[in-house]
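# Fold and geometry: a report
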Amino acid sequence: IEVTRENEDTKVSPNFRIKEFLTKQKSGYPKYVVLDERLVFLLEAIGTHLEPRGWDAGDIFVMSGYRTPYYNEQLDDTKYSLHQWGHAADIFLDKDENGRMDDFNKDKVISKEDAVALANVLEALAKTPELGPFIGGLGIYGPTSAHGPFVHVDTRPWRARW
């Protein structure tokens, strides 16, 4: 998809806009994004399943969506990262919109354990007939000086966990 300043706010689903999936690589416009519609469906469905816990799809922050091969290499990520094909998103929950993961496990501390708790919910969803075919990869990441904890989710057709 060609993305310009004029269309970057276009919704790709009820709660997500094209610009949320753009590479973080510095460049001018137009930019380009590859986006698997299954990933967008999955993120919306995750939001629906989080509602009983007090979060929804509007609280899902896409920290990293599509990556160009160049940018992916700069991050030192795996050569065949599914981010390069629009099949992956690194996400966290951010209801208070402070740019960091919320206290999902309610222990009053923002830590890797919040990402673990979110990944556990996603793992349970991966075992359902509804979302099992959509959740292939799940990865848990703790905080660093550059970012807070987050979860990688992707739509690969096989199970992968890290």
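Structure: see above.
Residues numbered from 1 in each chain as written. Predicted model: local features only at pLDDT ≥ 70, side-chain atom pairs only at ≥ 80, totals over all residues. Heavy atoms only, no water.

### Thoughts on the pairing of strand S3 (residues 60-64)
The buried count for S3 comes to four of five residues, which makes it a mostly enclosed element. Note: S3 against strand S4 (residues 88-93), four bridges, orientation antiparallel. Within S4, the residue paired with isoleucine 60 across the bridge is leucine 93. (Buried < 20%, exposed > 50% of the residue type's maximum accessible area, 1.4 Å probe, protein only. Helix = DSSP H or I, 4+ residues; strand = E, 2+ residues; numbered from the N terminus. Pairing = 2+ DSSP bridges.)

### Structural notes on helix H3 (residues 112-126)
For the α-helix, the turn length of 3.6 residues means that residues three or four positions removed from each other point alike. Compared with an ideal rise of 1.5 Å per residue, which puts 15 residues at 21 Å, H3 spans 21 Å between its outermost C-alpha atoms and is within 8% of the ideal. Turning to H3, its buried residues number three or more, namely Asp114, Ala115, Ala117, Leu118, Ala119, Val121, Leu122, Glu123, Leu125 and Ala126. Packing partners of the buried residues in H3 comprise helix H1 (37-50), S4, strand S5 (137-141), strand S6 (150-154) and strand S7 (160-161). (Expected span 1.5 Å × (residues − 1). Contact = heavy atoms within 4.5 Å.)

### Side note on the packing of aromatic side chains
Geometrically, a pair of aromatic rings is defined through the distance of the ring centres and the angle of the planes. Within the structure shown, the criterion is met by five aromatic pairs. Here the aromatic rings of phenylalanine 41 and phenylalanine 134 are separated by 4.7 Å at their centres, their planes lie at 45°, and the arrangement is tilted. Pair noted here: phenylalanine 41 is in helix H1 and phenylalanine 134 is in the loop between H3 and S5, with a separation of 93 residues, a long-range link. You can call phenylalanine 41 partly exposed: its relative accessible area is 38%. Note on phenylalanine 134: relative accessible area 16%, which makes it buried. When the ring centre of tyrosine 29 is taken as origin, the NZ or CZ atom of lysine 31, which lies over that ring, is 5.1 Å away. (Phe/Tyr/Trp six-rings, centres within 6.5 Å; stacked < 30°, edge-to-face > 60°. Lys NZ or Arg CZ within 6 Å of the ring centre and 35° of its normal.)

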